[in-house]
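Coordinate analysis (summary)
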Amino acid sequence: MSTATGTTRRTKGQIAAAIARDIAETHPEGAYVNLGIGQPTMVADHLPAGSGVVLHTENGMLNMGPAAADDEVDPDLTNAGKVPVTELPGASYFHQADSFAMMRGGHLDVCVLGAFQVSGRGDLANWHTGALDAIPAVGGAMDLAIGAKRVWVMMTLQSKDGSPKLVPECTYPLTGVGCIDRVYTDLGTFEITGAGVRVLELHGATSQEVADLLAPLRLLDA
């Protein structure tokens, strides 16, 4: 198992930067990428110029740019989370039905989603915790989880009560089964394989600490 590469947990911005780096490195010729609502939208702010990555939004846009600020804000130009965004040269707009056809048709190379839980088999639970005051809304997550060629998750490794979110079995309602390839967290990056969960890198925790936190989940060396 790999050892910690930093003395502190990664911030959300640092996790987003790591995902942006890996998208660019694994797709040097460019890729079509969807960023899920919430934390994953931060990845757009860290993609290097000239990466060739084309960002797709569920609400009907291709070639989305980073988040908009100040006089860049256009109330009619938002991502799926209703956050104002910029547009890059060549941006295009289309009906949401066409957007879902792209999602379901296998045209996206990578999708980055948030999650409440991910299982050691790559099952995803990210739409409902079962809380009485929660508003269940799976949205397009189920389409993205199954339709994208690679699905990565961005989340904290622990919930607010300290329990792990990378688990042997999901206890929340599933969004997709066996669909997750990688999990990017504040404490490290993990790859889901047929043999178990592989540790790619750790931050702010030792190998033993992470193994103890995630037990009885099986962890493999990088």
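Everything below is about the structure shown above.
The present account deals with the structure reproduced in this document. As the structure is a prediction and not an experimental result, all values here were calculated from the model. (Residues numbered from 1 in each chain as written. Predicted model: local features only at pLDDT ≥ 70, side-chain atom pairs only at ≥ 80, totals over all residues. Heavy atoms only, no water.)

1. Considering the side chain of Thr86
- Tracing the backbone shows Thr86 in strand 4 (residues 85–93).
- Taking the relative accessible area as the measure of exposure, Thr86 reaches 16% and is therefore buried.
- Of note is the side chain of Thr86, whose polar atom sits 2.7 Å from the backbone oxygen of Pro66.
- Excluding residues that lie within four positions of it along the chain, Thr86 makes contacts with Met61, Met64, Gly65, Pro66, Ala67, Ala68, Glu72 and Leu77. (Helix = DSSP H or I, 4+ residues; strand = E, 2+ residues; numbered from the N terminus. Buried < 20%, exposed > 50% of the residue type's maximum accessible area, 1.4 Å probe, protein only. Polar contact = N/O pair within 3.5 Å; in protein donor to acceptor, adjacent residues only side chain to side chain. Contact = heavy atoms within 4.5 Å.)

2. Regarding helix 2 (residues 96–104)
- Buried residues of helix 2: Ser99, Phe100 and Met103, and no others. Here the buried residues of helix 2 occupy an arc of 95° about the axis, which is enough to place them on one side.
- Looking at the buried residues of helix 2, the elements they touch are strand 2 (54–57) and helix 3 (141–147).
- Just past helix 2, the residue Gly106 takes up positive phi, approximately 75°. (Arc of directions from axis to C-beta.)

3. Let's talk about the nonpolar core
- Membership of the largest hydrophobic core comes to 30 residues, with the highest contact counts inside it found for Val118, Leu124, Leu166, Ile180, Val183 and Phe190.
- Elements that contribute at least two residues to this core include exactly helix 2, strand 5 (110–113), helix 3, strand 8 (150–154), strand 11 (188–193), strand 12 (196–202) and helix 4 (207–214).
- With 3 residues, the top contributor of residues to this core is strand 12.
- The contact partners of Ile180, leaving out residues within four places of it in the chain, are Val118, Gly122, Asp123, Leu124, Val151, Val153 and Ile192. (Core = buried A, V, L, I, M, F, W, Y, C linked by side-chain atoms within 4.5 Å.)

This is a description of form; function is not addressed.
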